[in-house]
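Remarks on the overall topology
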Amino acid sequence: MAAYLAQAWAVARKDLLLEARSRERFVAMATFAVLVAVVFSFALDPGVRASTIAGAMLWVTVLFAGTLGLGRAFALEREADALTGVLVSPIPRGAFYLGKLAANLAIVTCVELVIFPVYALFFGLRYAGALGGLAIVVVLATIGFMALGTLFAAMAAHSRLGETLIPILLLPLLIPVVIFAASATQRLLVGRPFSEIESSVRMLLAFDLIFLFVCTAAFGAVMEE
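Residues numbered from 1 in each chain as written. Predicted model: local features only at pLDDT ≥ 70, side-chain atom pairs only at ≥ 80, totals over all residues. Heavy atoms only, no water.

Considering the overall build of the chain
The secondary structure content of the chain amounts to nine helices and zero strands. Starting at the N terminus and walking to the C terminus, you meet the elements of the chain as α-α-α-α-α-α-α-α-α. Across its three principal axes, the chain shows a C-alpha extent of roughly 60 × 35 × 30 Å. In the chain, which comprises 225 residues, the proportion classed as buried is 45%. Within the chain, residue pairs in contact and separated by at least 24 positions form 83% of the contacts whose partners lie at least 6 positions apart. Surface summary for the chain: the accessible area is close to 11,000 Å², and the carbon and sulfur share equals 71%. Separation of charge centres in the chain, based on 15 positive and 14 negative side chains, amounts to 4 Å. (Helix = DSSP H or I, 4+ residues; strand = E, 2+ residues; numbered from the N terminus. Buried < 20%, exposed > 50% of the residue type's maximum accessible area, 1.4 Å probe, protein only. Contact = heavy atoms within 4.5 Å. Areas by Shrake-Rupley, 256 points an atom, 1.4 Å probe, with all protein chains shown as cover. Lys, Arg positive; Asp, Glu negative; His and termini not counted. Charge placed at Lys NZ, Arg CZ, Asp CG, Glu CD.)

This is the structure we're talking about:
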């Protein structure tokens with residue numbers, strides 16, 4: 001197990017070091033997210049309280065910004081024709097998948113740390129009384145999002161359709177995760193207690209476990225295609 005996790009960490013570390021040098025994905029995702037927030041700020045009717053629909057706006061922004069970043073998750077391997085090298089290497093497919101997943105999670109989490117303050121600034125949202133609950137919801141929803149997204153990014157890397165294939169496959173399957181995440185976030189933002197979102201949190205955890213198990217098991221077959 002220690003060797004397995006070390007191999008996964010090596011993959012994640014490689015991706016994170018490359019991203020730290022180029023900042024290509026982070027800058028693109030963060031810029032897109034800020035532009036979406038600007039559009040929402042102008043489109044929102046002044047008579048509508050932003051806090052009543054902020055949960056949906058936040059997660060729509062996270063969803064599309066994250067999908068944008070997933071398109072580049074396997075870009076280096078595809079452009080350098082390194083996927084063949086991965087296939088013949090001794091690293092287990094599951095460890096490679098978990099490493100990619102960890103790197104994607106770290107990058108998207110950094111983007112979320114931009115998105116939430118931007119929405120607080122533009123729409124006057126207050127997170128102070130709900131930080132703990134929001135952190136749990138965001139972490140669980142992001143894990144489910146990236147678990148599926150990493151698998152479909154690998155599929156897209158093998159396809160002639162490339163990055164355009166990701167939203168076609170990913171978005172329909174993410175609907176339950178987005179619904180539970182947006183619903184829980186909305187309740188927390190309007191001051192509801194954590195007890196009201198416990199069922200949503202349990203559902204997000206269940207989807208995470210299912211997605212992680214299925215995607216880790218299926219990743220080897222996807223890479224062999």
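Overview of the nonpolar core
Ranked by internal contacts, the top residues of the largest apolar core, which has 68 residues, are Tyr119 and Val137. For this core, the secondary-structure elements that each account for two or more residues are α1 (2–22), α2 (24–43), α3 (54–70), α6 (93–123), α7 (131–157), α8 (165–189) and α9 (198–224). With sequence-adjacent residues up to four places away left out, Tyr119 is seen in contact with Val36, Ala37, Phe40, Met57, Leu58, Thr61, Gly124, Leu125 and Tyr127. (Core = buried A, V, L, I, M, F, W, Y, C linked by side-chain atoms within 4.5 Å.)

Quick notes on the environment of Ser22
Turning to its location among the elements, Ser22 is positioned in helix α1. Taking relative accessible area as the criterion, Ser22 reaches 43% and is therefore assigned partly exposed. Taking C-alpha positions, Ser22 is 39 Å from Arg49, a pair spaced 27 residues apart along the chain.

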